[in-house]
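Structure assessment
Here is how the chains run, residue by residue.
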Amino acid sequence: MVGSTQRRRKRSIRPGSDHHDSQITTTMTTTMTTTAKILTVIFTVSAFWSPAEAQVRVLTPPYFNLAFGKDIVASSTCGVNSSSPELFCRLTGVAGDTKESDLRITINSGQLCEECDPTVESLSHHAELAIDGTERWWQSPPLSRGMEYNEVNVTIDLEQEFLVAYVFIKMANSPRPGVWALEKSTDFGKTWNPWQYFAGNPNECLQFFNASTSEVPEEDDEVICTTKFSKVVPLENGEIIVSLVDDRPNAQNFSNSQKLQDWTKATSVRLRLLQTKTLLGHLMAVRRQDPTVTRRYFYSIKDISIGGRCVCNGHAERCDKRDATQPNKLFCECHHNTCGPQCERCCPGFVQKKWQRVTTNKDFMCEPCNCHGHTNACVYDPEIDTKKLSLDIHGNYDGGGVCQNCEHNTKGINCEQCIDGFYRPFNVPKDVPNVCHQCQCRSRFSTGSCEEGSGRCMCKPQYTGENCDRCNNGYHNFPECMPCDCHVNGTSEGLCDVGGGQCPCKSNYMGRKCDTCRSQYYNFPECKECDCSRIGSQGPDCDVTTGQCRCQPGFNGLNCSTCAVGYHGFPTCTLCNCDVIGCTEAICESQTGRCICKPNYTGSQCERCVPGYYGYPYCYGLSWLEFLPSAGLGVFTHI
């Protein structure tokens, strides 16, 4: 791109206001000069917002001209960066209804010519004039300044994300562009993607865009190259109407097609103009850069209208809220308990269910969390949702709402439990403010907590009883309840205090306090007998923790009462008579000793290949035998 970049901005008008409506009416009246063209755009928009959407609770804001009042930039403009007023001439010649009193127009070599002068308002053609709704226009430098001015960009910053239904362009005193691309950005101009290509013939589609010519897209996001709008006539006031939804597969199912919605989303729109449309008789003169011809070729645009609406995800019918910190940005007036500029999240306190868009096939409303009236704060937790641990307002475990900052001495996912030191009495509903009553327990004997319903105190380990009023097993001397000298499990006769001497132990316990398992017993404090097999084990002792006996070779199991792998016939546990190369990991059957062969092996000892396989111990199929010599692996002779 060459030349300077010109940026102009006009005061924004609020959609829905009287001034805005009158401006839109003026713009549409100016740009849509015939009933047929108006109907074309209306048909396009009706495809974008199908009336079927109103039959379900999907809400959609009205459409409006997104370009009006926005920032617009042209990479090059007639007269800008020119040392003097810049001369350009019309293709229409001297014929026409030009008024002699119009002093701006001169006749030069039989051509109607004018000048661009950015210092004179009436001769200025800056970019803002393409979107202001008046009869004035933006104009690029003529090719007489240089052939590089075939390539000019016109960019409109929408300042937020919108769904775009159509783009309408009306030329001024030049033909429509010969080759150009309509492009969009979804990241505010950082990157660009094509929406549609325009060329004069199929060869130009291939040459400029490597695309074949097509008028009807087969996919919702297909970029087509059309030749319909690149004819040289009309020489002035030509129109281009681009529908981004009409004729696409899901045009009548827009709200349910995420692919088509993503296709129409944009934060910026760019006209990438690549080549002016040239009269056939001027081709050679243009190549020679004859200024009497090239000054007649340029781009001029009287109107750019971008029909679209805010992205509200089916949760809003209006989009005219404003924020003082972002005065040029429109916010959706959200319903269904949704919040955010695009109603893209559930409002605080209404996050029981994961946020969703509303479509004609699926209704959705953000639900309040069920905190039983003990808080208004909650967050959504997908793991809680997956495990179905959160109770919704309908009494179902559905959703991921987790209550925060529970009041009235409550806690839990739904504020359904009482905090330590409080309990909910029988028959008291969970949603009453005084649901949790303080436990009436003495801190010396109780943990401070009590049972839900009854309020019975939870005793410390050394106490027991309805009111924690006696010592637990293993303790003595209430109310101190000191630990017994003897371990309660290992002591016979239930003795507790022996004055520091030897406690009388049960037969399977040992130690001064009877707090260790005796030899041939394991798993204190139960101290179970080892029960090792006299045949398969190396002795009666076992591991004091696991009870695993020490097995003889060829034996296995906790008690050494089975044969190990590779042995069979308990209690003798004889070594399997098998070829381990041809056997599975089990080697042989544990009772009969029959060898268990791998696939492709056979024989009583799995010592040979099955029919059709060769080369023991490898037992390859025929296809492998053909491969082996070529791979340098030789030929097996042992079959």
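Here we summarise the structure given alongside this text. (Residues numbered from 1 in each chain as written. Predicted model: local features only at pLDDT ≥ 70, side-chain atom pairs only at ≥ 80, totals over all residues. Heavy atoms only, no water.)

Thoughts on the overall build of the protein
Selection rule: Secondary structure elements follow DSSP: runs of H or I of four or more residues count as helices, runs of E of two or more count as strands, with numbering from the N terminus. The buried label goes to any residue with under 20% of its type's maximum accessible area, the exposed label to any with over 50%, and the partly exposed label to all in between, with areas taken from a 1.4 Å probe on protein chains only. Two residues form a contact once any of their heavy atoms are found within 4.5 Å. Residue exposure ignores everything except the shown protein chains as possible cover, and the areas themselves are Shrake-Rupley values with a 1.4 Å probe.
Within the protein, the regular secondary structure consists of eight helices and 44 strands. Considering the protein as a whole, with its 639 residues, one finds that 45% of them fall into the buried category. Sequence separation of at least 24 residues holds for 54% of the intrachain contacts in the protein that already meet a minimum separation of 6. Total accessible area computed for the protein in this model is approximately 32100 Å², and 51% of it derives from carbon and sulfur atoms.

Examining unusual backbone geometry
At the junction of Phe 524 and Pro 525, the peptide bond is cis and its omega measures out at 10° in the coordinates. Here Pro 525 lies in the loop between strand S33 (521–522) and strand S34 (528–529). The linkage connecting Phe 570 with the following residue, Pro 571, adopts the cis geometry, with an omega of 15°. By the secondary structure assignment, Pro 571 is in the loop between strand S39 (567–568) and strand S40 (574–575). Backbone geometry at Cys 481 places phi at a positive 50°, although glycine is not the residue there.

Structural notes on the packing of aromatic side chains
Condition: Pairing of aromatic rings covers Phe, Tyr and the six-membered ring of Trp, with a centre-to-centre limit of 6.5 Å; geometry is then stacked below 30 degrees between planes, edge-to-face above 60, and tilted otherwise.
Enumeration according to the criterion identifies 13 aromatic pairs in this entry. With centroids separated by 6.2 Å and ring planes inclined at 45°, the aromatic side chains of Phe 208 and Phe 209 adopt a geometry described as tilted. For Phe 209, a relative accessible area of 11% translates into the label buried. Consider the rings of Tyr 463 and Phe 478, whose centres lie 6.0 Å apart with planes at 90°: the pair is edge-to-face. Highlighted residues: Tyr 463 in strand S27 (residues 463–464) and Phe 478 in the loop between strand S29 (475–476) and strand S30 (482–483), separated in sequence by 15 residues. Among the aromatic residues, those joined into a cluster by ring pairs are Trp 180, Phe 198 and Phe 229.

A look at the state of the cysteines
Counted only if it meets this: Two cysteine sulfur atoms form a disulfide, by the criterion used here, when they sit within 2.5 Å.
For the coordinates displayed, the defined rule picks out 28 disulfides. Between the sulfur atoms of Cys 369 and its disulfide mate Cys 378 the distance is 2.1 Å. Between Cys 369 and Cys 378, the S-S torsion sits near 80°, and that sign places the bridge as right-handed. Across the disulfide from Cys 441 sits Cys 457; the S-S distance is 1.8 Å. The sign of the -100° torsion about the S-S bond sets the Cys 441-Cys 457 disulfide as left-handed. A residue pair is termed long-range when its members are at least 10 positions apart, and Cys 441 in the loop between strand S24 (437–438) and strand S25 (446–450) and Cys 457 in strand S26 (residues 457–459) qualify at 16 residues. Given a relative accessible area of 24%, Cys 441 falls into the partly exposed group. Given the relative accessible area of 12%, Cys 457 is considered buried. Residue Cys 583 stays outside any disulfide, its sulfur separated by 3.7 Å from that of Cys 606, the closest cysteine.

Brief notes about the pattern of salt bridges
Quick reminder of the rule: Here, a salt bridge means any side-chain nitrogen of Lys or Arg that lies within 4 Å of a carboxyl oxygen of Asp or Glu.
Within this structure, the stated rule accounts for 22 salt bridges. With its nearest N and O atoms 3.1 Å apart, the salt bridge here joins Arg 424 to Glu 452. With Arg 424 in the loop between strand S23 (422–423) and S24 and Glu 452 in the loop between S25 and S26, this pair connects stretches of sequence that are 28 residues apart. Given the relative accessible area of 18%, Arg 424 is considered buried. Among the residues examined, Glu 452 registers a relative accessible area of 49% and is labelled partly exposed. Put simply, Lys 353, Glu 367, Asp 392 and Asp 398 are held in one network by salt bridges that share partners.

Geometric values such as these leave the question of function open.
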